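One-letter residues, chain by chain:
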Amino acid sequence: MESFDVRIHANTTLLNYDAEGDNGEPYFRVNINGEQVTATGQVDRADNANITVPMNRSVLSGWGQTDLNVTAILVDRDAIFDDEVTQWSTNVAYSPPPTPTPTETPTPTPTATEVASTPAEALPDTVQVSEAEVDTPTAIETETGDQGPEYYETLIQAGLSNEGVAVESVDTTAGSTYLEYTTISTTQGDLASEIGMVAGAYAFAIGDGYESSDMQVTVLGADGSEIGTYEVQSEWAEQYNNGEITGEEFSIRVLETLETETV
């Protein structure tokens, strides 16, 4: 078959499921051979819910002819980490649609354009967080000379924005840096990756001459409420930049400071 639907019949009430006794916020993920390929929005709470998830070409484009292990996972959405409640699996024999034979057409030869490449030594290092390597931001071009706090605030914000982090503010007060950003994380791994980007951006600024004792980070939810805080000490960043500690050791120190609000 070229496409199919995943039809789920389940109890999605999640009554008193959250720690405070509130009802859960159910939705479904669908994995193929252990890899998430799609997810629903929040579904209604019901004793006998019926949900259909289309598995069309756009979802299945990366799979060739093979037996697919399809898993539907009931998930409770939380502010930081979503909880997997239960799951069901089945196997599907999948045959992708035939690929049409392309028709050759003459293509004009483009004129070569010389593009200056960035020297490898000019690129920043990476910070490893929770077994995921995260790039630190590339420096933005500025005039040479002594740089003040505003320059490094802009450097950090621009670098994180380029990585998809929704920065709300960066400020330097009494030698400390204060960062607020809105998270888009739905899993612990996603949040760890965000923390790695933030730690890497701060380490890069410290290595570039930023005089800051620490960075205090506030993580905001989509509604603007505070859902967590953590910190990055400049001493750790300097040790990482000097090769005295590994990226993993650096990330563990930052992750150990993470405090989350009860949700």
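This is a predicted model, so every value here is computed, not measured. (Residues numbered from 1 in each chain as written. Predicted model: local features only at pLDDT ≥ 70, side-chain atom pairs only at ≥ 80, totals over all residues. Heavy atoms only, no water.)

**Student:** Quick one: what's the story with the overall build of the protein, residue by residue and with numbers?
**Tutor:** When its secondary structure is counted, the protein shows five helices and 13 strands. Expressed as a percentage of the 263 residues in the protein, the buried residues total 39%. The long-range share in the protein, meaning contacts at least 24 apart out of those at least 6 apart in sequence, stands at 59%. (Helix = DSSP H or I, 4+ residues; strand = E, 2+ residues; numbered from the N terminus. Buried < 20%, exposed > 50% of the residue type's maximum accessible area, 1.4 Å probe, protein only. Contact = heavy atoms within 4.5 Å.)

**Student:** Any details on helix α5 (residues 247-255)? Residues and values, ideally.
**Tutor:** Every buried residue of α5 is listed here: G247, F250, S251 and V254. When α5 is viewed along its axis, its buried side chains cluster within an angular range of 95° and face the same direction. (Arc of directions from axis to C-beta.)

**Student:** If you had to explain the pattern of salt bridges to someone new, which residues and values would you point to?
**Tutor:** Counted according to the given criterion, the structure contains one salt bridge. Ionic pairing is found between E84 and R29, a salt bridge with its closest N-O pair at 3.3 Å. With E84 in strand β6 (residues 83-94) and R29 in strand β2 (residues 26-32), the pair connects residues that are 55 residues apart, well separated along the chain. Look at R29 and you get buried, because its relative accessible area is 8%. (Salt bridge = Lys/Arg side-chain N within 4 Å of Asp/Glu carboxyl O.)

**Student:** With reference to specific residues and values, describe unusual backbone geometry.
**Tutor:** The backbone phi angle of N33 is positive, close to 50°, even though this residue is not glycine. Turning to its location among the elements, N33 is positioned in the loop between β2 and β3 (35-39). Accessibility expressed as a relative area gives 39% for N33, which makes it partly exposed. The phi angle at A174 is positive, at roughly 50°, despite the residue not being glycine. Positionally, A174 belongs in the loop between β9 (166-173) and β10 (176-182). Owing to a relative accessible area of 83%, A174 belongs among the exposed residues under this scheme.

**Student:** Mind laying out the environment of G207, listing which residues take part and the relevant values?
**Tutor:** As for its position among the elements, G207 is in helix α3 (residues 188-207). Given the relative accessible area of 58%, G207 is considered exposed. Once the C-alpha coordinates of G207 and Y240 are considered, the two residues, 33 residues apart in sequence, prove to be 9.6 Å apart.

**Student:** Explain the packing of aromatic side chains to me, and be specific about the residues and the numbers.
**Tutor:** Summed over all chains, the structure comprises five aromatic pairs. Measuring from centroid to centroid gives 4.7 Å for Y151 and Y152, while their planes differ by 75°, and the two rings are edge-to-face. Judged by its relative accessible area of 14%, Y151 is buried. On the basis of relative accessibility, which here comes to 3%, the residue Y152 falls in the buried class. Judged by centre distance (6.3 Å) and plane angle (80°), the ring pair of Y202 and Y210 falls under edge-to-face. Considered together, Y202 and Y210 belong to a single accessibility category, that of buried residues. Three or more aromatic residues joined by ring pairs make a cluster, and in this case those are Y151, Y152, Y202 and Y210. The positively charged end of R77 is found above the aromatic ring belonging to Y27, 4.1 Å away from the centroid. (Phe/Tyr/Trp six-rings, centres within 6.5 Å; stacked < 30°, edge-to-face > 60°. Lys NZ or Arg CZ within 6 Å of the ring centre and 35° of its normal.)

**Student:** Tell me about the packing of α3 against α5, residues and numbers included.
**Tutor:** Put simply, α3 and α5 touch, their axes get as near as 10 Å, and they point 110° apart. Considering their axes alone, α3 and α5 lie roughly perpendicular with respect to each other. The handedness of the crossing between α3 and α5 is right-handed. Listed contacts from α5 to I195, A199 and A203 of α3 are F250, V254 and L255. Taken together, the residues that form the contact of α3 with α5 break down as six nonpolar, no polar and no charged. (Axes fitted to C-alpha atoms, helices over the stretch in contact; angles between N-to-C directions. Parallel < 35°, antiparallel > 145°, perpendicular 65-115°, else oblique. Left-handed = near helix turned anticlockwise from the far one by under 90°. Nonpolar A, V, L, I, M, F, W, Y, C, P; charged D, E, K, R; others polar.)

**Student:** So, the packing of α3 against helix α4 (residues 234-241): which residues are in play, and what are the values?
**Tutor:** The contact between α3 and α4 brings their axes to 9 Å, and the two run at 75°. Looking at the two axes, α3 sits roughly perpendicular to α4. Between α3 and α4, the residues in contact are Y202, A203, I206 and G207 and S234, A237, E238, Y240 and N241, respectively.

**Student:** Break down a negative patch on the surface for me, with residues and values.
**Tutor:** Where like charges cluster on the molecular surface, the negative patch consists of E168, D171, E180, E226, E259 and E261. Within the element layout of this structure, D171 appears in strand β9. (Patch = residues over 30% accessible without salt bridge, like charges linked within 9 Å, V, L, I, M, F, W, Y side chains within 5 Å. Areas by Shrake-Rupley, 256 points an atom, 1.4 Å probe, with all protein chains shown as cover. Lys, Arg positive; Asp, Glu negative; His and termini not counted. Charge placed at Lys NZ, Arg CZ, Asp CG, Glu CD.)

**Student:** I'd like to hear about the nonpolar core, residue by residue, with values.
**Tutor:** Of all hydrophobic cores here, the largest spans 34 residues; its most connected members are L160, L179, Y181 and F250. The set of elements that each furnish at least two residues to this core consists of α2 (149-162), β9, β10, α3, β11 (214-220), β12 (226-233), α4 and α5. Counting residues per element, this core draws most heavily on α3, at 11 residues. One finds L14, V30, A49 and M55 within the second-largest nonpolar core, a separate group that totals 22 residues. (Core = buried A, V, L, I, M, F, W, Y, C linked by side-chain atoms within 4.5 Å.)

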